[in-house]
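Structural features, examined
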Amino acid sequence: MSKVFQLKRGVALLLTVCMTAAASISALAAEDRSKISSIRLKISSSFEVGSYPADSDIEVTTTSSYFEVGEVEIQNDSDEWEVGDTPKAKVWLYADSDHYFSTTSSSAFTFTGDKASFVSAKTEDSKSTLVLTFKLNKVEGDLEVEDLEWDEDTATAN
């Protein structure tokens, strides 16, 4: 064998050992963190018929000391809220350095406050960040109807 071949083989072996060691260190770091397998969130919101989704307010809070709530983003792209619209939002949750999100299953989430329901969840950044999408109850309000005429004969409005 030539010395160049032996050198290349030695470098390849060294790189393999380094990559294996790096993967082991990452795995050990994940094992040092504790799982967050239950996520309890309180949702408060206000939506008004005729207002713009960008002007609406959704507040998400938690009493957990293992993670914090980040940005909340409304996902609806309508011009304004109408009766029956279902608000959908995305929220970013950030685990502290000693914890990680171990699941994205709907059964892990409990919502209090305004009625909310799970849509989807995914983890990012080695499971330190969880992005949750949820929806709220439909927007309520009075249906505005203009130019109605009452028909006395048939007892109907036109």
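For every chain, the first residue of the written sequence is number 1, and numbering continues from 1 onward in sequence order. Restriction of local features to residues with pLDDT of at least 70 applies here, the model being predicted, together with a cutoff of 80 or more for giving and counting side-chain atom pairs; totals for whole chains, interfaces and linings are based on all residues. Only hydrogens and water are set aside; all other atoms, that is, all heavy atoms of the structure, feed into the side-chain values.

**Observations regarding the pattern of salt bridges**
- The working definition used for a salt bridge is a side-chain nitrogen of Lys or Arg within 4 Å of a carboxyl oxygen of Asp or Glu. Enumeration according to the criterion identifies one salt bridge in this entry.
- The partner of Glu124 in a salt bridge is Lys122, with the nearest N and O atoms 3.7 Å apart.

**Some thoughts on the sheet that holds strand S3 (residues 57-61)**
- Read from one edge of the open sheet, three strands run S3-S2-S7, paired in mixed fashion. Two strands bound the open sheet, and with one partner strand each, they are S3 and strand S7 (109-113). Going across the sheet, the axis of each strand differs from the next one's by a mean of 30 degrees, ignoring polarity. Pairing between strands is defined by DSSP: at least two bridges between them are needed. Helical segments are the DSSP runs of H or I of at least four residues, strand segments are the runs of E of at least two, and each set is numbered from the N terminus. Note on method: axes are straight lines fitted to C-alpha atoms, helices fitted across the in-contact stretch only, with angles between N-to-C directions ranging 0 to 180 degrees.

**Quick word on the pairing of strand S9 (residues 129-136)**
- For S9, the tally of buried residues reaches seven of eight residues, placing the bulk of the element in the interior.
- Here strand S5 (residues 88-95) pairs with S9 via seven bridges, running antiparallel. Looking at the pairing, Ala89 lines up with Phe134 of S9.
- Taken together, the eight bridges between strand S8 (residues 116-124) and S9 define a ladder with antiparallel strand orientation. From the neighbouring strand, Ser117 faces S9, where its bridge partner is Lys135. For every residue, the accessible area (1.4 Å probe, protein chains only) is compared with the maximum for its type, and the residue is labelled buried under 20%, exposed over 50%, or partly exposed between those bounds.

**A closer look at the nonpolar core**
- Definition of nonpolar core: a set of buried residues of the types Ala, Val, Leu, Ile, Met, Phe, Trp, Tyr and Cys, connected through side-chain atoms within 4.5 Å. Counting 24 residues, the largest nonpolar core has Ile39, Leu41, Ile43, Leu132 and Phe134 as its most contacted members.
- Elements with a contribution of two residues or more to this core: strand S2 (39-46), S3, S5, S7, S8 and S9.
- Working rule for contacts: check all heavy atoms of both residues, and any pair within 4.5 Å makes them a contact. Setting aside its immediate chain neighbours within four residues, Leu132 contacts Leu41, Ala89, Lys90, Val91, Phe109, Phe111, Phe118, Ser120 and Ala121.

**A word on the confidence of the model for the protein chain**
- The predicted model of the protein chain has a mean per-residue pLDDT of 82, with 73% of residues at 70 or higher.
- pLDDT expresses, on a scale from 0 to 100, how confident the predictor is about each individual residue. Here helix H1 (residues 3-32) stands out as the element of the protein chain with the lowest mean pLDDT, 53, in contrast to strand S6 (residues 99-101), whose mean of 98 is the highest.
- Confidence drops under a pLDDT of 50 for residues 21-29, and excluding neighbours within four residues, the segment shows zero contacts in the predicted structure.

**Looking at the packing of aromatic side chains**
- Only Phe, Tyr and Trp rings take part, Trp by its six-membered ring, and two of them pair if their centres are within 6.5 Å. Stacked means planes under 30 degrees apart, edge-to-face means over 60, and tilted covers everything else. A full pass over the atoms with the stated rule returns five aromatic pairs.
- Ring centres of Phe47 and Trp81 lie 5.0 Å apart, and the angle between their planes is 85 degrees; this geometry places the pair in the edge-to-face category. Taken together, the positions of Phe47 in the loop between S2 and S3 and Trp81 in the loop between strand S4 (67-74) and S5 put the pair 34 residues apart, joining distant regions of the chain. Side by side, Phe47 and Trp81 carry an identical accessibility label, which is buried.
- Pairing Phe109 with Phe118 gives two aromatic rings, centres 5.3 Å apart and planes at 35 degrees, and the pair type is tilted.
- Classification of Phe118 as partly exposed rests on a relative accessible area of 24%.
- A connected cluster of aromatic rings, assembled from ring pairs, spans Phe109, Phe111, Phe118 and Phe134.

**Side note on the sheet that holds S5**
- One open sheet holds the four strands; their spatial order is S4-S5-S9-S8, and the pairing between them is antiparallel. Each edge of the open sheet carries a strand with a single partner, namely S4 and S8. Going from strand to strand, the sheet's axes swing by 25 degrees on average, the running direction of each strand aside.
- As paired strands, S4 and S5 are joined by six bridges and run antiparallel to one another. Paired with Glu68 across the two strands is Tyr94, which belongs to S5.

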